[in-house]
Amino acid sequence: MDDKIITFENYNDPMLAEIILGRLKANGIDCYIADGNTIGANPLYTQALGGVKIKIFERDLEKCRAILAQDEDLKVDEMPEHDEETCPYCGSTNVRYGTATVKRTNWIGAVVSFLFMTYPFYARKAWHCFNCGKDFE
């Protein structure tokens, strides 16, 4: 057969890709995961490889979309929606959750990191407002 194999979806989480692969196989779709072992062994390669890929035959594309459209449990939100959070200082909704811009590390952690030539051990996370530039919890 001359069926073309295509990438159906890319995922940052190998476990979510395995769950979706199982769902597709349970519905009779021939598919497999590419780069799952590499990213599972070293998650830092996720950006370089483009994530864990689910490969399917091109003829099954619409059937796969229909299978996943039925299942609401596979919708995963890793971050809270930023429109729910507002800045307590200026009231803006232009905020993001991530590494804090103020007090990222303490002095002891910085000295130990410098001595052992490693990245800092602790990075505080907080909401950051892009309008007023302040961090908040």
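Our subject in this report is the structure included herewith. (Residues numbered from 1 in each chain as written. Predicted model: local features only at pLDDT ≥ 70, side-chain atom pairs only at ≥ 80, totals over all residues. Heavy atoms only, no water.)

**Regarding the packing of aromatic side chains**
As enumerated under the stated definition, the model contains zero aromatic pairs in all. Residue placement shows R59 over the ring face of F57; its charged tip is 4.4 Å from the ring centre. If you follow K134 out to its NZ or CZ, it ends over the ring of Y89, 4.7 Å from the centre. (Phe/Tyr/Trp six-rings, centres within 6.5 Å; stacked < 30°, edge-to-face > 60°. Lys NZ or Arg CZ within 6 Å of the ring centre and 35° of its normal.)

**A few points about the packing of helix α1 (residues 14-26) against helix α4 (residues 61-70)**
Between α1 and α4, the shortest axis-to-axis distance is 10 Å and the interhelical angle comes to 115°. Accordingly, the angle class assigned to the pair α1 and α4 is roughly perpendicular. For the pair α1 and α4, the crossing hand works out as right-handed. Contacts between α1 and α4 pair I20, R23 and L24 from the former with C64, I67 and L68 from the latter. Residues that form the contact of α1 with α4 fall into these classes: five nonpolar, no polar and one charged. (Axes fitted to C-alpha atoms, helices over the stretch in contact; angles between N-to-C directions. Helix = DSSP H or I, 4+ residues; strand = E, 2+ residues; numbered from the N terminus. Parallel < 35°, antiparallel > 145°, perpendicular 65-115°, else oblique. Left-handed = near helix turned anticlockwise from the far one by under 90°. Contact = heavy atoms within 4.5 Å. Nonpolar A, V, L, I, M, F, W, Y, C, P; charged D, E, K, R; others polar.)

**Quick notes on α1**
When the terminal C-alpha atoms of α1 are compared, their 18 Å separation across 13 residues agrees well with the 18 Å that a helix rising 1.5 Å per residue should span. Within α1, the full set of buried residues consists of L16, A17, I20, L21 and L24. Down the axis of α1, the smallest arc covering the buried residues is 140°, so these residues share one side. Those residues of α1 that are exposed and aimed more than 90 degrees away from the buried face are M15 and A26. Elements in contact with the buried residues of α1: β1 (5-11), β2 (31-34), β3 (52-57) and α4. Capping of α1 at its N-terminal end is provided by D13; its side-chain oxygen lies 3.2 Å from the backbone amide nitrogen of M15. Immediately downstream of α1, the backbone of G28 shows phi near 85°, a positive value. (Expected span 1.5 Å × (residues − 1). Buried < 20%, exposed > 50% of the residue type's maximum accessible area, 1.4 Å probe, protein only. Arc of directions from axis to C-beta. Polar contact = N/O pair within 3.5 Å; in protein donor to acceptor, adjacent residues only side chain to side chain.)

**A short note on the side chain of S92**
Tracing the backbone through its elements, the reader meets S92 in the loop between α4 and β4 (95-99). Separated by 2.7 Å, the side chains of S92 and N131 make a polar contact. With residues near it in sequence (within four places) discarded, S92 still touches E85, T86, C87, C129 and N131.

**A short note on the nonpolar core**
Counting 19 residues, the largest nonpolar core has F8, L24, I54 and I56 as its most contacted members. In terms of residue count, α1 provides more of this core than any other element does, five residues in total. The contact partners of F8, leaving out residues within four places of it in the chain, are L24, I54, I56, L61, C64, R65 and L68. Ranked by size, the runner-up nonpolar core spans five residues in total, among them C87, W127, C129 and F136. (Core = buried A, V, L, I, M, F, W, Y, C linked by side-chain atoms within 4.5 Å.)

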